[in-house]
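Listed below are the residues making up each chain.
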Amino acid sequence: MDCLFCKIIAGEIPSAKVYEDDLVFAFRDIDPKAPTHILIIPKKHIASVNEINDENCAIVGHIFKVAAEIAKNEGVAEDGYRIVTNIGENGGQTVKHLHYHMLGGRSLQWPPG
Ligand code: AMP
Ligand code: ZN
């Protein structure tokens, strides 16, 4: 499948990995929008939240468990951070493989643009 993030998981495209297990891969965003900007993705290709269903929804809980661990390791857990997933055109999704942005290390604005 011609998917950038599947290629990153397969090691065909290099990335700055911060975490990996059987189900999940996490790496630094190439164009960081905050001092800590990490992408957490399922290894199994899921296009977006729109594709989450009874069969694959357990990965979402696992991703958030991993996120809690990464936040501690990055030193952002205490001060706070944001996890966001963009969906479709209005959501600003550019890569069609489910990913959660972890943004931290600075005060973030709300509401987002
Ligand atoms: P989104 O716009 O929500 O689909 O997020 C896609 C993210 O992937 C953007 O923040 C990009 O900067 C990031 N990105 C694109 N290509 C790469 C890459 N090769 N390595 C790491 N991050 C990337
Ligand atoms: Zn993919």
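Residues numbered from 1 in each chain as written. Chains lettered and ligands numbered in written order. Predicted model: local features only at pLDDT ≥ 70, side-chain atom pairs only at ≥ 80, totals over all residues. Heavy atoms only, no water.

Take the sheet that holds strand β2 (residues 24-28) next. With antiparallel pairing, five strands are arranged side by side in an open sheet as β1-β2-β3-β5-β4. The two strands at the open ends of the sheet, each matched to only one other strand, are β1 (17-20) and β4 (81-84). Across the sheet, the axes of successive neighbouring strands diverge by a mean angle of 15 degrees, strand direction being ignored. Examined bridge by bridge, β2 and strand β3 (residues 36-42) share five bridges and lie antiparallel to one another. Residue pairing in the sheet places Ala26 in a bridge with Ile40 of β3. Set on the sheet, helix α2 (residues 58-74) makes contact with β1, β2, β3, β4 and β5 (100-104); between it and β3 the angle comes to about 155 degrees. (Pairing = 2+ DSSP bridges. Helix = DSSP H or I, 4+ residues; strand = E, 2+ residues; numbered from the N terminus. Axes fitted to C-alpha atoms, helices over the stretch in contact; angles between N-to-C directions. Contact = heavy atoms within 4.5 Å.)

The next subject is the site of ligand 1. Close to ligand 1 lie 16 residues; Asp29, Asn86, Thr94, His99 and His101 are nearest. A distance of 2.5 Å separates an oxygen atom of ligand 1 from a polar side-chain atom of Asp29. Taking Val95, its main chain carries an N or O atom lying 3.0 Å from an oxygen atom of ligand 1. Relative to its unbound accessible area of 500 Å², ligand 1 is 84% covered by the protein chains. Looking at the shell around ligand 1, the elements with two or more residues in it are α1 (4-9) and β2. It is α1 that contributes the most residues to the shell around ligand 1, three residues altogether. Looking at the shell around ligand 1 residue by residue, the classes come out as seven nonpolar, six polar and three charged. (Near = heavy atom within 4 Å. Polar contact = N/O pair within 3.5 Å; in protein donor to acceptor, adjacent residues only side chain to side chain. Areas by Shrake-Rupley, 256 points an atom, 1.4 Å probe, with all protein chains shown as cover. Nonpolar A, V, L, I, M, F, W, Y, C, P; charged D, E, K, R; others polar.)

Everything listed here is a matter of coordinates, which is why it stays silent on function.
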